[in-house]
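The lines below spell out each chain.
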Amino acid sequence: MRKNVIAGNWKMNKDLNESVVLISEIINSTKGLGSNVGIIICPPFTSLETANALLKNSDVALGAQNMHYESGGAYTGEITANMLRAVGCKYVIVGHSERRTLFGETNEIINKKLKSAFNSGLYPIFCIGETLEEREGEITEQVVEKQIREGLAGIVENDFAKIIIAYEPVWAIGTGKTASPEQAQEVHKFIRKLISELYSAVLADSVTIQYGGSVKPDNANELLSQPDIDGALVGGACLQADSFIEIIKAAK
Ligand code: PGA
């Protein structure tokens with residue numbers, strides 16, 4: 001049985017003081033919710049160390065939103081996987097569509113990042129998804145397949161077992177448009193089938209595949225009740241404790 005995992009991607013929001021407030025609210029409201037749903041928050045880099053201290057003894061795990069694939073050197077402004085580990089991160093988001101489109105990340109770069117994350121013991125949340133143009137051109141499956149094949153090139157079963165996949169149709173991110181539960185389920189099922197071809201039926205059956213793109217308390221239930229949707233990567237709705245908690249409750 002796969003358990004649902006809800007991750008909050010804070011993006012470029014919340015300074016340190018605001019982060020402390022939101023994290024404290026999340027910790028209070030998740031107390032006693034039980035462990036049958038995984039909870040991850042991914043605040044900005046500047047809040048990670050404090051977040052880690054606050055999250056000790058809570059049911060909430062810590063992740064970062066990005067990292068560089070190199071292990072150090074002259075890369076002004078960048079952060080290594082080991083640095084993230086050292087401030088208590090367990091997870092890291094890799095290949096988010098905003099990184100792909102606004103910062104030029106290719107499948108090849110994302111592949112290097114995934115490998116670097118595994119080398120440092122981080123668990124990646126690997127994001128994939130098609131644009132509106134690609135969906136309308138009816139090439140969603142080809143796009144997702146290419147992102148998966150190239151993103152996971154050379155990644156062995158042992159490492160793959162630590163990955164969370166997040167299917168996020170780009171046209172649904174931050175737009176208020178969600179894929180219908182059926183549309184999302186169709187792609188999730190396709191992804192699971194592809195994983196079974198690339199790795200094994202056992203890994204395909206156990207991998208967590210989150211949906212992301214305008215997930216809100218009022219659509220979470222329906223999306224999460226689909227057989228191949230195992231949680232959500234939440235942007236906008238994770239910036240307030242009550243809507244984030246509502247989504248976590250829907251995942252229970
Ligand atoms: P959204 O963002 O929930 O605001 O659409 C999701 C994401 O970008 O991960």
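Only a predicted model underlies this, so the values are computations on that prediction, with no experimental measurement involved. (Residues numbered from 1 in each chain as written. Predicted model: local features only at pLDDT ≥ 70, side-chain atom pairs only at ≥ 80, totals over all residues. Heavy atoms only, no water.)

Q: Where do I start with the overall build of the protein in this structure?
A: Regarding its fold elements, the protein presents twelve helices and eight strands. The C-alpha atoms of the protein give 17 Å as radius of gyration, which agrees with the globular expectation for 252 residues (18 Å, within 12%). Projected onto its principal axes, the C-alpha positions of the protein cover 45 × 45 × 35 Å. The burial tally for the protein puts 53% of its 252 residues in the buried class. Separation between the mean location of the 24 positive side-chain charges and that of the 31 negative ones in the protein comes to 5 Å. (Helix = DSSP H or I, 4+ residues; strand = E, 2+ residues; numbered from the N terminus. Rg over C-alpha atoms; globule rule 2.2 N^0.38 Å. Buried < 20%, exposed > 50% of the residue type's maximum accessible area, 1.4 Å probe, protein only. Lys, Arg positive; Asp, Glu negative; His and termini not counted. Charge placed at Lys NZ, Arg CZ, Asp CG, Glu CD.)

Q: How should the sheet that holds strand S8 (residues 231-234) be read in this particular structure?
A: What links the strands of a sheet is backbone hydrogen bonding, and the strands pair in either a parallel or an antiparallel sense. Read once around its circumference, the closed barrel built from eight strands follows the order S1-S2-S3-S4-S5-S6-S7-S8, with strand pairing classed as parallel. Within this sheet the neighbouring strands show an average axis-to-axis angle of 25 degrees, counted without direction. Relative to S8, strand S7 (residues 208-212) runs parallel, the two being bridged by two bridges. Within S8, the residue paired with Tyr 211 across the bridge is Ala 232. Strand contacts of helix H2 (residues 45-55): strand S2 (37-42) and strand S3 (60-64), with the helix running at about 165 degrees to S3, the strand carrying the most contacts. (Pairing = 2+ DSSP bridges. Axes fitted to C-alpha atoms, helices over the stretch in contact; angles between N-to-C directions. Contact = heavy atoms within 4.5 Å.)

Q: Honestly, the site of the ligand in this entry has me stumped. Any pointers?
A: Around the ligand, a shell composed of 13 residues is seen, among which Lys 11, His 96, Glu 168, Gly 174 and Ser 214 lie nearest. Contacts to the ligand include Glu 168, whose side-chain N or O atom sits 2.6 Å from an oxygen atom. Residue Gly 235 places a main-chain N or O atom 2.9 Å away from an oxygen atom belonging to the ligand. In isolation the ligand offers 280 Å² of accessible surface; the protein chains occlude 96% of this area. (Near = heavy atom within 4 Å. Polar contact = N/O pair within 3.5 Å; in protein donor to acceptor, adjacent residues only side chain to side chain. Areas by Shrake-Rupley, 256 points an atom, 1.4 Å probe, with all protein chains shown as cover.)

Q: Help me understand the pairing of strand S1 (residues 4-9) in this model?
A: Regular strands show a simple pattern: their side chains alternate between the two faces of the sheet. The element S1 is extensively covered by neighbouring structure, given that six of its six residues are classed as buried. Because side chains alternate across S1, one face comprises the buried residues Asn 4, Ile 6 and Gly 8, and the other comprises Val 5, Ala 7 and Asn 9, equally buried. Inspection of the sheet shows S1 paired to S2 by six bridges, in the parallel sense. Bridge pairing links Ala 7 to Ile 40 in S2. Remark: the S1/helix H1 (residues 16-30)/S2 crossover connection has right-handed handedness. One ladder, built from four bridges, connects S1 with S8; its direction is parallel. (Right-handed = clockwise from strand over helix to strand, strands pointing away.)

Q: Would you take a moment to explain the layout of surface pockets for this structure?
A: Gaps left between atoms show up when a probe the size of a water molecule is rolled over them. As a volume, the largest pocket reaches approximately 390 Å³. In terms of lining residues, the largest pocket is bounded by 15 residues, among which Lys 11, Met 12, Gln 65, Arg 99 and Phe 103 are the most central. Broken down by element, the lining of the largest pocket gets its largest block of residues, three residues, from helix H4 (residues 97-102). A class-by-class count of the residues in the lining of the largest pocket yields eight nonpolar, four polar and three charged. Considering only enclosed or pocket space, the second largest pocket measures out at about 260 Å³ in volume. What lines the second largest pocket is a set of 17 residues, and nearest its centre among them are Arg 100, Gly 129, Glu 134, Val 143 and Gln 147. Among the elements that line the lining of the second largest pocket, the one with the most residues is helix H7 (residues 140-151), at four residues. Grouping the constituent residues of the lining of the second largest pocket by class yields four nonpolar, nine polar and four charged. (1 Å grid on protein atoms, 1.4 Å probe; cavity = no way out; pocket = protein on both sides within 12 Å on 5 of 7 lines; lining within 4 Å. Points joined across faces, edges and corners; volume = space filled by probe spheres on them. Nonpolar A, V, L, I, M, F, W, Y, C, P; charged D, E, K, R; others polar.)

Q: Honestly, the pattern of salt bridges in this entry has me stumped. Any pointers?
A: Side-chain pairs of opposite charge can arise whenever the charged atoms involved come near each other. Considering all chains together, one arrives at 13 salt bridges under this definition. Of the charged contacts in the structure, one is a salt bridge between Lys 146 and Glu 150, with a shortest N-O distance of 2.8 Å. With Lys 146 and Glu 150 both in helix H7, this residue pair falls four residues apart, about one helical turn. For Asp 230, the salt bridge identified is with Arg 192, shortest N-O distance 2.8 Å. Separated by 38 residues along the polypeptide, Asp 230 in the loop between helix H11 (217-224) and S8 and Arg 192 in helix H9 (residues 181-198) bring together distant segments of the chain. A relative accessible area of 3% means that Asp 230 is categorised as buried. Overall, the relative accessible area of 8% leaves Arg 192 in the buried class. Each of the salt bridges in this network shares a partner with another, and the network as a whole consists of Arg 2, Arg 192, Asp 205, Asp 228 and Asp 230. (Salt bridge = Lys/Arg side-chain N within 4 Å of Asp/Glu carboxyl O.)

Q: Honestly, the environment of Gly 174 in this entry has me stumped. Any pointers?
A: Looking at the element boundaries, Gly 174 is found in the loop between strand S6 (164-167) and H9. The class of Gly 174 is exposed, set by a relative accessible area of 75%.

So, to be careful, I would describe these as geometric facts and stop short of saying anything about function.
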